[in-house]
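Examining the three-dimensional arrangement
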Amino acid sequence: MRDPEAIADLRARVGMITAALVGLMLVALTAITVLDVGGRYLFNSPLPGGTELTEILVMAVIFTGLPAITLDDGHVTADLLSQQLTPGGRRLQLLMSRLAAVVALVLIAWQMWTHGARLAGYGQTTVYLHIPVGPVIQVAAVVCGLSAAIVAGLALLRAPHGLE
Amino acid sequence: MDWPIGTAILFALLFAGIPIGYCLTLVGFAGVASIIGIDPALAMIGQVYSDAGRSYTLSVVPLFLLMGNMIVQSGIADEIYDAANAWLRHRKGGLAMATILACGGFGSVCGSSLATAATMGKIALPAMRRHGYSDALATGSIAAGGTLGIIIPPSVILVIYGILTQQDIGKLFLAGIVPGLLGIIGYMLAVRLSLFMRPEQIEALPRLSLARRLAATRGVAPALALFAFVLGGIYLGVFTATEAAGMGAAGAILLTAARGKLTLRGTLVTLFDTGKTTAIMFFVLFGALYFLNYVNLSGLSTDIRGWVLGLNMPPLGVILMIMLMLLVLGSLLESLSMVMLVTPILFPIVTTLGFDPIWFGVFLVVATELSYITPPMGMNVFVLRVVARDVPIGQIFRGVVPFVILDLVRLVLLILFPILALAIPRSM
Amino acid sequence: AVSAEVTLRLSNWLPPSHPVVKDIMQPWAEQVKEATEGRVEVQILDAPLGPPPAHFDLVASGAADIGFSAHSYTPGRFTLTEIGELPFLTPSSLANSLALWKVWQEMLADKNEHAGVKVLALFGHGPGHLFTTNREVSPLSELKGAKIRVAGAVTDQLVQGLDMVSVQAPSSESYELLSNGIADGIVFPYESVPFFKLDGLVKHGLRVPGGLYNVSFFMVMNQARFDSLSEEDRAAIDKVSGEALVRMAGEAWDAADAAGLTALEGKVEFHDATAEETAEIEADAKAIYDRVRKGYDAKGVDFDAALAMFREEMDKAAP
Ligand code: NA
Ligand code: NA
């Protein structure tokens, strides 16, 4: 285990950036509904493309949150064994979890990138606002790739579990 | 890879503590690849992770979470507990009963069971411990009370069921009200049952004057107003159930601001928590969706349907069997993934047999609530471990036994009297 | 029963009671089995492998062998088949479907919009109309400001052009939107109104000759999977697909529409647009024609020639 303080520092920094970004997105998500419903009643004009903006923002929230969760080892687990495990057993469990996460995230990043590139090639857009879909997916793919690198790093540095 | 092998591997990995979403994705991938080949199975990963997150209807997940978290930030969650306490504290097991009532109250402005258990755990656990409640009863009542968060509207699980089966989410919400109230009553009885089964030395608290009770209740008014705004808006058709989440979140933000609690720091923490929980839930959802494709391709659903219908049982027998199946599955699976997995399999069976789809949604959620508190996989129990680190998990599971009993009673009542769920939505 | 040598998986996102499943997919699956003497079986999956817009890619990637969906679910990709979605085309799904198929084969197929798949059939639903809950539909000024749930880019453009407000929401929310009064109306073909249980809710219907819009669908099969079949089986599938399947689909939609219209009898008061009103809507629809023409220009296809052929084929199909 090298330099646990550096890892704690990184966790805090990423947490702060994520908090700001995700915060803005959630406020925007709320505002869109309010503008859509309010506009419909007050001005007889719902927010054009409100549903599409909502869809993209939900995706943005999910993938912006991913690196922070990854740094915390924060994904949901069934976690039945850990209380029975010895410290060594727990370290092995954490290592296995991280390996599974790296494999899964690499697959996800690679395939989302390919999928996004395919849609970008077709010029696929959203229905009303004509937002290109492919590039949005490719950005999410990059975030997944970054998260895979983070887990790999945590595994190599044998960093302690983020929530313990 | 046949589905019995695939599911066995899945459970092995789940129990080993590998993140649920990644387990589902990786085992699903191996399974799908064995059936249709590696390239299509890979492409399916790209498709699931790219498409499932861009969902208008699923926007209720972050927004209902935000609404609940904002209520915590505003301090109203504490006042809900104080109010419940004022009315019940002098009774036998009063603090535990107050916890149940407060969970129900908080559940009416929060869409998730985990958030309800986590929030009330932080507030109610210290109080109960201070007054000599056993760890088993204290944590058991919080874990059980937390499940009320997903049957009392708004409810993220009911939204997912509605999406999977194309049912009116507004009606599903309304159908959850009476079973939710029954849950509150049942769990309060369970507290007494618990004390009857294992008497405890609990410090009795003096009764409060009516004036003081009313004063404490005043704090609940904003939460009640928000609940009425969200449910009334759906009921009267001012907005759709999907829009209700955004309106509710906005309402909660306004309430927080009005109480002077909308500080930059606090708000950032709330938003950050909401974002993280959203991402965590969706990564389970993505995995479940991918695994669902494996289930579909492997013929598991066809096998189960053929088996159930082949038994030629009367509809009531089938429902009882489904109930048993859900209880077994629920003891093994995390609830969100369970609803996602069983709904496509069971829905065609029960509708073929003539059961009401709205009723079945409520039935499924009540059965799923049980899975939150039953061993070995009780999500609410795991959440409590974060709040109450020193309580051994076995204690918590022991504490929930009386609550499980009352939950079973409620399930049977729902089967015998479907009108309990259907009366309100039918009046719409 | 003798088990088939090959099973083709059809990913289906519609409920089993829908005419597309009951009267198109299932009969076609049986025809395939019969034509291949039981060697090829089409298995309609219990649940879809992805959401409706993903179905083209699911088939192209080989996740599903066969799939069905609407071209308009993936905007920007299929700009040529939009010719079958234009306002004022034809009262008959059969005529629309056959014309779309012929024009596609002759003029559009080589532009490769459906890359990676074998196109089994293209077809349209019946003519689309405007239904409202309380608003009168004539004169058109009555509709000003009415909130209408739209079905995609074409109807969005049409509704806004006529000074109505377009509400964008999934079709599964139609009932909630209308029953709550969040929307005042909806655009649908006859068939969809009872299907989405709107027949007690909508009171007025506005019709124009040939329909206000249409939606074009595809049914496609993974190309590699098709190529892997024996020559005999490929020929057998070809025999029951293509024009034969297009014809069956068109007839099925027309029958479903007729049944839908019967279900609406006495519940919906229809108004057929007067010559004046039709002219007003036509003027509005011009923008839609112009947009589709632009898509043709971009891909180097002569829009006027395609439209002329389309009309000619429609006349041949339903004189
Ligand atoms: Na709730
Ligand atoms: Na459980």
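Residues numbered from 1 in each chain as written. Chains lettered and ligands numbered in written order. Predicted model: local features only at pLDDT ≥ 70, side-chain atom pairs only at ≥ 80, totals over all residues. Heavy atoms only, no water.

1. Considerations on the overall build of chain C
- What chain C contains, in helices and strands, is 11 helices and 11 strands.
- For 319 residues, the compact-globule estimate of 2.2 N^0.38 gives 20 Å, and chain C sits close to it at 20 Å.
- Oriented by its inertia axes, the alpha-carbon framework of chain C measures out at about 60 × 40 × 35 Å.
- Across the 319 residues that make up chain C, the buried fraction comes to 60%.
- Nonlocal contacts in chain C, meaning residues at least 24 apart in sequence, comprise 78% of its contacts between residues at least 6 apart. (Helix = DSSP H or I, 4+ residues; strand = E, 2+ residues; numbered from the N terminus. Rg over C-alpha atoms; globule rule 2.2 N^0.38 Å. Buried < 20%, exposed > 50% of the residue type's maximum accessible area, 1.4 Å probe, protein only. Contact = heavy atoms within 4.5 Å.)

2. Here's the deal with the packing of aromatic side chains
- Counted under the stated rule, the structure contains 31 aromatic pairs over all chains.
- The interplanar angle of 80° and the centroid separation of 5.4 Å between the aromatic rings of Phe283(B) and Phe286(B) together place this pair among those described as edge-to-face. Here Phe286(B) and Phe283(B) lie together in helix H15 (residues 264-298), a separation of three residues that amounts to about one turn.
- Following the ring pairs from residue to residue traces out a cluster consisting of Phe63(A), Tyr22(B), Tyr49(B), Phe282(B), Phe283(B) and Phe286(B).
- The cationic tip of Lys276(B) hangs over the ring face of Phe272(B); the distance from NZ or CZ to the ring centre is 4.3 Å.
- Above the plane of the ring of Tyr187(B) lies Arg410(B), whose end atom (NZ or CZ) is 5.7 Å from the centre. (Phe/Tyr/Trp six-rings, centres within 6.5 Å; stacked < 30°, edge-to-face > 60°. Lys NZ or Arg CZ within 6 Å of the ring centre and 35° of its normal.)

3. Topic: a positive patch on the surface
- Residues Arg91(B), Lys92(B), Arg192(B) and Arg207(B) make up a contiguous surface patch of positive charge.
- Under the relative-accessibility criterion, Arg91(B) is labelled partly exposed at 46%. (Patch = residues over 30% accessible without salt bridge, like charges linked within 9 Å, V, L, I, M, F, W, Y side chains within 5 Å. Areas by Shrake-Rupley, 256 points an atom, 1.4 Å probe, with all protein chains shown as cover. Salt bridge = Lys/Arg side-chain N within 4 Å of Asp/Glu carboxyl O. Lys, Arg positive; Asp, Glu negative; His and termini not counted. Charge placed at Lys NZ, Arg CZ, Asp CG, Glu CD.)

4. Description of the interface of chain B and chain C
- If you look at the interface, chain B gives 28 residues, while chain C gives 21 residues.
- Taken together, both faces of the contact between chain B and chain C bury some 1,900 Å²; the carbon and sulfur share is 51%.
- In this structure, the connection of chain B to chain C is made through zero salt bridges.
- Connecting chain B to chain C are one residue pair in polar contact (both at pLDDT 80 or more).
- Going through the elements one at a time, helix H2 (20-36), helix H3 (38-51), helix H13 (221-236), helix H14 (241-258), H15 and helix H16 (300-310) of chain B are the ones with two or more residues in the side of chain B that touches chain C.
- When residues of the side of chain B that touches chain C are assigned to their parent elements, the largest contribution, five residues, is made by H3(B). (Buried area = accessible area lost by both parts, 1.4 Å probe. Polar contact = N/O pair within 3.5 Å; in protein donor to acceptor, adjacent residues only side chain to side chain.)

5. Some remarks on the pattern of salt bridges
- Taken as a whole and judged by the stated rule, the model has 29 salt bridges over all chains.
- For Glu79(B), the salt bridge identified is with Arg259(B), shortest N-O distance 2.5 Å. Of this pair, Glu79(B) sits in helix H5 (residues 76-88) while Arg259(B) sits in the loop between H14 and H15, and the two are 180 residues apart along the sequence.
- Put simply, Lys102(C), Glu243(C), Arg247(C), Glu313(C) and Lys316(C) are held in one network by salt bridges that share partners.

6. Observations concerning the sheet that holds strand S1 (residues 6-11) of chain C
Residues and elements named next belong to chain C.
- Pairing is mixed across the open sheet formed by five strands, whose spatial order is S2-S1-S3-S10-S4. The sheet is open, and its two borders are formed by strand S2 (40-44) and strand S4 (117-124), each paired with just one other strand. For this sheet, the mean inter-axis angle between neighbouring strands, taken without regard to orientation, is 20°.
- Strand direction decides the pairing type here: S1 and strand S3 (residues 66-70), joined by two bridges, are parallel. Directly across from Leu10, in S3, lies its bridge partner Ile66.
- Seen against the sheet, helix H1 (residues 19-35) touches S1, S2, S3, S4 and strand S10 (216-222) and runs at an angle of roughly 160° to S2. (Pairing = 2+ DSSP bridges. Axes fitted to C-alpha atoms, helices over the stretch in contact; angles between N-to-C directions.)

7. So, the confidence of the model for chain A
- Summing up the model confidence of chain A, the mean pLDDT is 89 and the portion of residues at 70 or higher is 94%.
- Across chain A, the element-wise mean pLDDT spans from 90 in helix H1 (residues 4-42) of chain A up to 95 in helix H4 (residues 133-157) of chain A. (pLDDT = per-residue confidence, 0-100.)

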